[in-house]
Amino acid sequence: MKKTIISLSLLISLSSCADLQHVVNQIPTNTTNGISLTNADIAAGLREALNLGIEKQVSNLTQTDGFYKNELVKIVLPEELQQVDKALRKIGLGNLADEGIKALNRAAEDAVKEATPIFVDAVKGITFNDAKAILLGNNTAATDYLTAKTETQLYTKFNPVIQQSFSKVGADKIWNTLITKYNNIPFTTKVNPDLTDYVTDEALEGVYTMIAVEEQTIRESVSERSTELLKRVFALQD
């Protein structure tokens, strides 16, 4: 990916690996507020938390302005096209430049609709061993898990959809106009970018970022643990 995925602390409440190992070693006899937690409970709790992230955050990204008005994931121009944006604004075509950026985000919003079934399948496959690895992992362990399980498949799914979305949302016409006008400006180096790969990568990053946001919320806020299972499992870290 071309940007670094925002590092959100998914597992912040246990202060050290020794603390985490102590918790894991006690499963399944570990109790929280007098309630026993089994291996299956731990895995199910992590699955439920990730499913909430998918249901709440990924679905939001598919809405109009889901990317464009979300500063965490908004797709901006790649570095090599920054000069196009600046040049067009200098000659009074700022509105067209804005439409070009909006069109990239619209294509991502359209493509992310393909993500949910793939994520759901990956989350269903979480075992207790996976859950243990996440508990003992670094502060992006849950996001890393989903990335490893889904990134290749999502890229393969997203890329042709992004290409189709460019036409569907009018991004192809907007960018053809943008590039033509830029290339007609005297003394500029002509460009002919292929934005499909770039927007695919950015869309993927946005999806993982927003799932991480929801996971962090559940980790940090007891009030966001909306089911008894979430309350019991995540009480281990409190």
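Residues numbered from 1 in each chain as written. Predicted model: local features only at pLDDT ≥ 70, side-chain atom pairs only at ≥ 80, totals over all residues. Heavy atoms only, no water.

1. Thoughts on the overall build of the chain
Then, number 1: The helix and strand inventory of the chain stands at ten helices and two strands.
Then, number 2: Its helices and strands in sequence order give the chain the pattern α-β-β-α-α-α-α-α-α-α-α-α, from N to C terminus.
Then, number 3: Partitioning the intrachain contacts of the chain with sequence separation of at least 6 by distance along the chain shows that 81% fall at a separation of at least 24. (Helix = DSSP H or I, 4+ residues; strand = E, 2+ residues; numbered from the N terminus. Contact = heavy atoms within 4.5 Å.)

2. So, the side chain of Asn-70
Then, number 1: With respect to the element layout, Asn-70 can be found in the loop between α2 (39-61) and α3 (82-90).
Then, number 2: Within the local environment of Asn-70, its side chain forms a polar contact with the backbone nitrogen of Leu-72, the two atoms lying 3.0 Å apart.
Then, number 3: Asn-70 has contacts with Leu-61, Asp-65 and Met-210, leaving out every residue within four places of it along the chain. (Polar contact = N/O pair within 3.5 Å; in protein donor to acceptor, adjacent residues only side chain to side chain.)

3. Side note on the confidence of the model for the chain
When pLDDT is low, close inspection of the predicted coordinates is not appropriate.
Then, number 1: Per-residue confidence for the chain averages 78 on the pLDDT scale, and 81% of its residues sit at or above 70.
Then, number 2: Here helix α1 (residues 17-26) is the element of the chain with the lowest mean pLDDT, 44, and helix α4 (residues 94-111) is the one with the highest, 88.
Then, number 3: Predicted confidence is poor over residues 2-24, with pLDDT under 50, and the contacts of this stretch with residues over four places away or in other chains come to 54 contacts. (pLDDT = per-residue confidence, 0-100.)

4. A few points about the nonpolar core
Then, number 1: Val-112, Phe-119 and Leu-146 are the most contacted members of the largest nonpolar core, which totals 66 residues.
Then, number 2: Of all the elements, helix α9 (residues 196-220) adds the most residues to this core, at ten residues.
Then, number 3: Excluding its chain neighbours within four sequence positions, the residues that come into contact with Leu-146 are Leu-50, Phe-119, Ala-122, Val-123, Glu-151, Tyr-208 and Ile-211. (Core = buried A, V, L, I, M, F, W, Y, C linked by side-chain atoms within 4.5 Å. Buried < 20%, exposed > 50% of the residue type's maximum accessible area, 1.4 Å probe, protein only.)

5. Looking at the packing of aromatic side chains
Then, number 1: Scanning the model with the defined rule gives one aromatic pair in all.
Then, number 2: With centroids separated by 5.8 Å and ring planes inclined at 85°, the aromatic side chains of Phe-119 and Tyr-208 adopt a geometry described as edge-to-face. With Phe-119 in helix α5 (residues 115-124) and Tyr-208 in helix α9, this residue pair connects regions lying 89 residues apart in the sequence. Judged on exposure class, the residue Phe-119 and its partner Tyr-208 are both buried.
Then, number 3: Directly above the ring of Tyr-68 sits Lys-74, whose terminal nitrogen or CZ lies 4.7 Å from the centroid. (Phe/Tyr/Trp six-rings, centres within 6.5 Å; stacked < 30°, edge-to-face > 60°. Lys NZ or Arg CZ within 6 Å of the ring centre and 35° of its normal.)

6. Brief notes about α4
Then, number 1: With 18 residues, α4 should cover 26 Å at 1.5 Å per step; its first-to-last C-alpha distance of 26 Å lies within 8% of that length.
Then, number 2: If you check which residues of α4 are buried, you get Gly-94, Ala-97, Gly-100, Ile-101, Ala-103, Leu-104, Asn-105, Ala-107, Ala-108, Glu-109, Asp-110 and Ala-111.
Then, number 3: Considering only its buried residues, α4 is in contact with α2, α3, α5, α7 (141-168), α8 (171-183) and α9. (Expected span 1.5 Å × (residues − 1).)

7. A look at the pattern of salt bridges
Then, number 1: Per the stated rule, a full pass over the model turns up twelve salt bridges.
Then, number 2: For Lys-231, the salt bridge identified is with Glu-228, shortest N-O distance 3.7 Å. Taken together, the positions of Lys-231 and Glu-228, both in helix α10 (residues 228-234) and three residues apart, correspond to about one turn of that helix.
Then, number 3: Look at Lys-231 and you get partly exposed, because its relative accessible area is 40%.
Then, number 4: Residue classification places Glu-228 among the exposed positions, given a relative accessible area of 53%. (Salt bridge = Lys/Arg side-chain N within 4 Å of Asp/Glu carboxyl O.)

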